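Residue-level structural notes
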Amino acid sequence: MLEDALKNYKQTGKSGELIFVENTNYGRTVKVAALAQSMLSGLDFSSLSVVYQPKINSVNQVDSAEALLRWDNVNSAPLTLLDFIGVAESTGVIVDVGYFVLEQVCEMLKVIRQRVPDFHKKISVNLSIRQLADTKLVETFEAICKQHNVPTHQIIFEVTESVMAENINLLTSVIHALKTAGFGIAIDDFGTGQSNLSYLSQLPIDELKIDKSFIDKINSEDGDYPIVDMVISMAKALKLKVVAEGVETVTQATYLRSKACDLIQGYYFYKPLLLSDWLELNLQSVK
């Protein structure tokens, strides 16, 4: 997602000046420029929110969830969340957006843990390459968790395979620092990048997420899907959890279950839930 968005934006110099390329729609370009300027002047966090998409285990229970950013673009149509993320990445504002997301997640966990002290479900949060370059990243993440009395082991940070492949030296040091602090690590969109597989056994990774493009190809319970099978087998061999994302049909879910996929995420079970619905889902048993 970030890679597609970044095709339209290019940063030059320390000032954060933006050059717009591959975009011949003048009206849209003006909107993007206005969004970039507003971000550099001060991001309106009231337009942002976080939703939660559950991950389901082998017995159809909610095991964990992924936190997903949402942007209210009512005043910025026709721009989308993809545009927002691309501009935020280019301007560097994505670093503060990432802190905002973790703040929201920790506040949510704090609310649930006040009602359910032993609440243990983990929440995944996406990391971008710009965030990985922030020297205060791990320190700030730890501080946010401490402020909300949330154990760091309840947070899993997801990094796309393409980011890992292109920035392995930077990523290695950050991943080890995050793991030392107690956070979990997942490799997202696995199977689409050019990563050196030897790093998988060397890095302290907890989860592999099979990219949706491979899940989309599953249209028969008796079909042959070697990449899906390979990722699941590799994860098992490395003692990692494997997550299938973008699961939309019973056929896909049944096939993945037959291959002992640990967790399933997608519209077949749940669309991303608003905070109120996620809280209701997790607190209904203690009413």
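In case you missed it, the structure is sitting above this.
Residues numbered from 1 in each chain as written. Predicted model: local features only at pLDDT ≥ 70, side-chain atom pairs only at ≥ 80, totals over all residues. Heavy atoms only, no water.

Some words on unusual backbone geometry
- That bond from A77 to P78 is cis: its omega, 10 degrees, falls within 30 degrees of zero.
- With respect to the helices and strands, the residue P78 is situated in the loop between β4 (62-71) and α3 (81-91).
- Although it is not a glycine, K239 sits at a positive phi angle of roughly 60 degrees.
- Position of K239 among the secondary structure elements: in the loop between α11 (226-237) and β9 (241-245).
- You can call K239 exposed: its relative accessible area is 76%.
- Its identity is not glycine, yet A260 carries a phi of approximately 65 degrees, on the positive side.
- Its relative accessible area of 41% is what places A260 among the partly exposed residues. (Helix = DSSP H or I, 4+ residues; strand = E, 2+ residues; numbered from the N terminus. Buried < 20%, exposed > 50% of the residue type's maximum accessible area, 1.4 Å probe, protein only.)

Structural notes on the pattern of salt bridges
- Per the counting criterion, the structure on display carries nine salt bridges.
- Here E207 ties to K55 by a salt bridge, and the two come within 3.6 Å at their closest N and O atoms. Here the residue E207 occupies a position in strand β8 (residues 207-210), and K55 occupies one in strand β3 (residues 48-56), the gap between them amounting to 152 residues.
- Beyond isolated ion pairs, a larger network of salt bridges with shared partners links K55, E66, E158, E207, K209 and E245. (Salt bridge = Lys/Arg side-chain N within 4 Å of Asp/Glu carboxyl O.)

A closer look at the nonpolar core
- Membership of the largest hydrophobic core comes to 86 residues, with the highest contact counts inside it found for F84, V105, F157 and L256.
- When residues of this core are assigned to their parent elements, the largest contribution, 12 residues, is made by helix α4 (residues 94-115). (Core = buried A, V, L, I, M, F, W, Y, C linked by side-chain atoms within 4.5 Å.)

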